[in-house]
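One-letter residues, chain by chain:
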Amino acid sequence: MQEAIEFETTISNGNLLIPNNLQNWEGQTVKVFIIPKITEQLDSLDDIFGCINYTGETKTLEEMNQGILQEA
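1. A short note on the overall build of the protein
- Scanning the protein for helices and strands turns up two helices and two strands.
- Secondary structure of the protein in N-to-C order comes out as β-β-α-α.
- Over its C-alpha trace the protein gives a radius of gyration of 21 Å, far above what one expects of a compact globule, namely 11 Å for 72 residues.
- For the protein, the C-alpha atoms occupy an extent of roughly 55 × 35 × 20 Å along the three principal directions.
- A total of 72 residues make up the protein; the buried ones form 1% of that total.

Here you go:
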């Protein structure tokens, strides 16, 4: 199994710029994941976890701590 190779690049006119050391892979099939780089400052837990949609019953901090202790 091959290891994943990570590098940062820019998309220009719909093309991905490949680093010189990987250009010898010309003609090979590769899998590409595009993950946008976060450029804004994240200052609070709401900034980080605000997009998580939890629809269950609201829990107190004590209830959450008890749940963690039970699982440990």
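2. Focus: the environment of Gly-14
- One can find Gly-14 in the loop between strand E1 (11-12) and strand E2 (15-16).
- Placed 19 residues apart in sequence, Gly-14 and Phe-33 show a C-alpha to C-alpha distance of 15 Å.

3. Comments concerning a negative patch on the surface
- A surface patch of negative charge is lined by Glu-40, Asp-43, Asp-46 and Asp-47.
- Relative to the helices and strands, Asp-47 resides in helix H1 (residues 45-49).
- In this structure Asp-47 comes out as partly exposed when scored by relative accessible area, which is 42%.

4. Quick look at a nonpolar patch on the surface
- Judged by side-chain polarity, Ile-5, Phe-7, Ile-11, Leu-16, Ile-18, Trp-25, Val-30, Val-32 and Ile-34 come together as a nonpolar surface patch covering roughly 790 Å² of accessible area.
- In this structure, Ile-18 sits in the loop between E2 and H1.
- Since its relative accessible area comes to 37%, Ile-18 is described here as partly exposed.

5. Some remarks on the environment of Pro-36
- Relative to the helices and strands, Pro-36 resides in the loop between E2 and H1.
- For Pro-36, a relative accessible area of 68% puts it in the exposed group.
- Taking C-alpha positions, Pro-36 is 15 Å from Leu-17, a pair spaced 19 residues apart along the chain.

6. Some words on the confidence of the model for the protein
- Here the protein averages 81 in pLDDT, and 93% of its residues register 70 or above.
- Within the protein, H1 has the poorest average pLDDT of any element, 72, and E2 the best, 89.

What counts and what doesn't
The residue count restarts for each chain, going from 1 along the sequence in the order it is written. Totals for whole chains, interfaces and linings use all residues, but because this is a predicted model, local features are given only for residues with pLDDT of at least 70 and pairs of side-chain atoms are given and counted only at 80 or more. Excluding hydrogens and water, the side-chain figures rest on all heavy atoms present in the structure. Each helix is a run of DSSP H or I of at least 4 residues and each strand a run of E of at least 2, with the numbering of both proceeding from the N terminus. Put simply, the radius of gyration uses C-alpha atoms, and a globule should come to 2.2 Å times the residue count raised to 0.38. Each residue is placed in one exposure class: buried if its accessible area under a 1.4 Å probe, protein chains only, is under 20% of its type's maximum, exposed if it is over 50%, and partly exposed if it falls in between. A patch consists of residues whose relative accessible area exceeds 30% and which take part in no salt bridge; residues with like charges are grouped when within 9 Å of each other, and nonpolar side chains (Val, Leu, Ile, Met, Phe, Trp, Tyr) when within 5 Å. Shrake-Rupley sampling with a 1.4 Å probe provides the accessible areas, and residues are treated as covered by the protein chains on show and by no other component. Note on definitions: salt bridges are taken to be side-chain nitrogens of Lys or Arg within 4 Å of carboxyl oxygens of Asp or Glu. Positive charges come from Lys and Arg, negative ones from Asp and Glu, while His and the chain ends are left out of the count. By convention, the charge on Lys lies at NZ, on Arg at CZ, on Asp at CG and on Glu at CD. pLDDT is a residue-level measure of predictor confidence that goes from 0 to 100.

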